[in-house]
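Breakdown of the fold
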Amino acid sequence: QVRLVESGGGLVQPGGSLRLSCAGSGSIGSLVAMGWYRQAPGKQRELVATVTSGGSTDYAGSVKGRFTISRDNAKNTVFLQMNSLKPEDTAVYYCNEVRKSPLGLNYNFWGQGTQVTVSS
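Residues numbered from 1 in each chain as written. Predicted model: local features only at pLDDT ≥ 70, side-chain atom pairs only at ≥ 80, totals over all residues. Heavy atoms only, no water.

**Describing the state of the cysteines**
Here is the rule: Cysteine sulfur atoms that pair up within 2.5 Å are treated as a disulfide. The helix count covers DSSP runs of H or I at least four residues long, the strand count covers runs of E at least two residues long, and both are numbered beginning at the N terminus. The buried label goes to any residue with under 20% of its type's maximum accessible area, the exposed label to any with over 50%, and the partly exposed label to all in between, with areas taken from a 1.4 Å probe on protein chains only.
For the structure shown, the criterion picks out 1 disulfide. Linked covalently through their sulfurs, Cys22 and Cys95 form a disulfide whose S-S length is 2.1 Å. Measuring handedness by torsion sign, the sulfur bridge of Cys22 and Cys95 sits at about -85° and is left-handed. Of this pair, Cys22 sits in strand 3 (residues 18-25) while Cys95 sits in strand 9 (residues 91-100); the two residues are 73 residues apart in sequence, bridging distant segments of the chain. By relative accessible area, Cys22 is classed as buried at 0%. By relative accessible area, Cys95 is classed as buried at 0%.

**Some remarks on the layout of surface pockets**
This is how it is decided: Space inside and on the surface of the protein is sampled on a 1 Å grid over the protein atoms alone, with a cavity defined as a set of points where a 1.4 Å probe fits but cannot get out and a pocket as an open set with protein on both sides within 12 Å along at least 5 of 7 lines; lining residues have an atom within 4 Å of a point. Grid points are joined across faces, edges and corners, and a volume is the space filled by probe spheres set on the points. Each residue gets one label: Ala, Val, Leu, Ile, Met, Phe, Trp, Tyr, Cys and Pro are nonpolar, Asp, Glu, Lys and Arg are charged, and the others, such as Gly, are polar.
By volume, the largest pocket amounts to about 160 Å³. Grouping the amino acids of the lining of the largest pocket by side-chain chemistry returns 2 nonpolar, 4 polar and 7 charged.

**Quick look at the sheet that holds strand 3**
Our working rule: When DSSP finds at least two bridges between two strands, those strands are taken to pair. Note on geometry: axes are lines fitted to C-alpha atoms, helical ones only across the stretch in contact, with angles between N-to-C directions running from 0 to 180 degrees.
Read from one edge of the open sheet, 4 strands run 1-3-8-7, paired in antiparallel fashion. Because the sheet does not close on itself, it has two edges, and the strands there are strand 1 (3-7) and strand 7 (67-72). Here the average twist between neighbouring strands, direction ignored, is 15°. Alignment of strand 1 against strand 3, held across 5 bridges, turns out to be antiparallel. Counted as the bridge partner of Leu4 is Gly24 from strand 3.

**What about the pattern of salt bridges?**
Heads up, the condition is: Only one rule defines a salt bridge in this text: a Lys or Arg side-chain nitrogen within 4 Å of an Asp or Glu carboxyl oxygen.
Tallying each qualifying case throughout the model produces 4 salt bridges. For Arg38, the salt bridge is made with Glu46, and the minimal N-O distance between the two is 2.8 Å. Among the residues examined, Arg38 registers a relative accessible area of 6% and is labelled buried. The partner of Asp89 in a salt bridge is Arg66, and the shortest N-O contact between them spans 2.8 Å. On the criterion of sequence distance, the pair formed by Asp89 in the loop between strand 8 (77-82) and strand 9 and Arg66 in the loop between strand 6 (57-59) and strand 7 is long-range, its members being 23 residues apart. The buried category is assigned to Asp89, whose relative accessible area is 0%. Among the ionic contacts, a cluster of salt bridges with common partners joins Arg38, Glu46, Arg66 and Asp89.

**Considering the nonpolar core**
In plain terms, the rule: Working definition of a nonpolar core: buried Ala, Val, Leu, Ile, Met, Phe, Trp, Tyr and Cys residues. They are joined through side-chain atoms within 4.5 Å. The criterion used for residue contact is that any of the two residues' heavy atoms lie within 4.5 Å.
With 28 residues, the main nonpolar core has Trp36, Leu80, Met82 and Tyr93 as its most contacted residues. Of all elements in the fold, only strand 3, strand 4 (30-39), strand 5 (46-52), strand 7, strand 8, strand 9 and strand 11 (114-118) reach the threshold of two or more residues within this core. Beyond its immediate chain neighbours, meaning those up to four positions away, Met82 contacts Gly16, Ser17, Leu18, Leu20, Arg66, Phe67, Tyr93 and Val116.

**A look at the packing of aromatic side chains**
The condition that has to hold: Working definition: a ring pair exists when centres of Phe, Tyr or Trp rings (six-membered ring for Trp) sit within 6.5 Å. Plane angles under 30 degrees give stacked, over 60 give edge-to-face, the rest tilted. Working rule: Lys NZ or Arg CZ, within 6 Å of ring centre, within 35 degrees of ring normal, means a charge sits over the ring.
Considering all chains together, one arrives at 1 aromatic pair under this definition. With a centroid separation of 5.0 Å and an interplanar angle of 65°, the aromatic rings of Tyr37 and Trp110 are classed as edge-to-face. Pair noted here: Tyr37 is in strand 4 and Trp110 is in strand 10 (residues 106-110), with a separation of 73 residues, a long-range link. Above the ring of Tyr94, the side-chain terminus of Arg45 is found at 3.9 Å from the ring centroid. Sitting over the face of the ring of Trp110, Arg45 holds its NZ or CZ atom 4.7 Å from the ring centroid.

From the geometry alone we can't say anything about function, so treat these as descriptive.
Written out as structure tokens, the structure is:
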């Protein structure tokens, strides 16, 4: 079974930085990609950044140039370095992992979420 645990959230002032981490356990099937999503109160969950098993990355336009996603394959951990934080970055951040079964079906796994609050 795959389990994801996020950490690193907290309160930070505008312009500050935080680094989120997501530690995964279990290795069912093969890894397709890992990513970070966020959800603000009353809003839809949105994709923030992704990294594939091959190392390709993608970012939402709102965070491009400020956030960096990376992965430590040996530790099965994905990180999100967040710089130049803005109040609109305030949300619960969720780690996501997509894995493919031997039958070729993709499955999503989710962490419990970690709160990020950007405020003066």
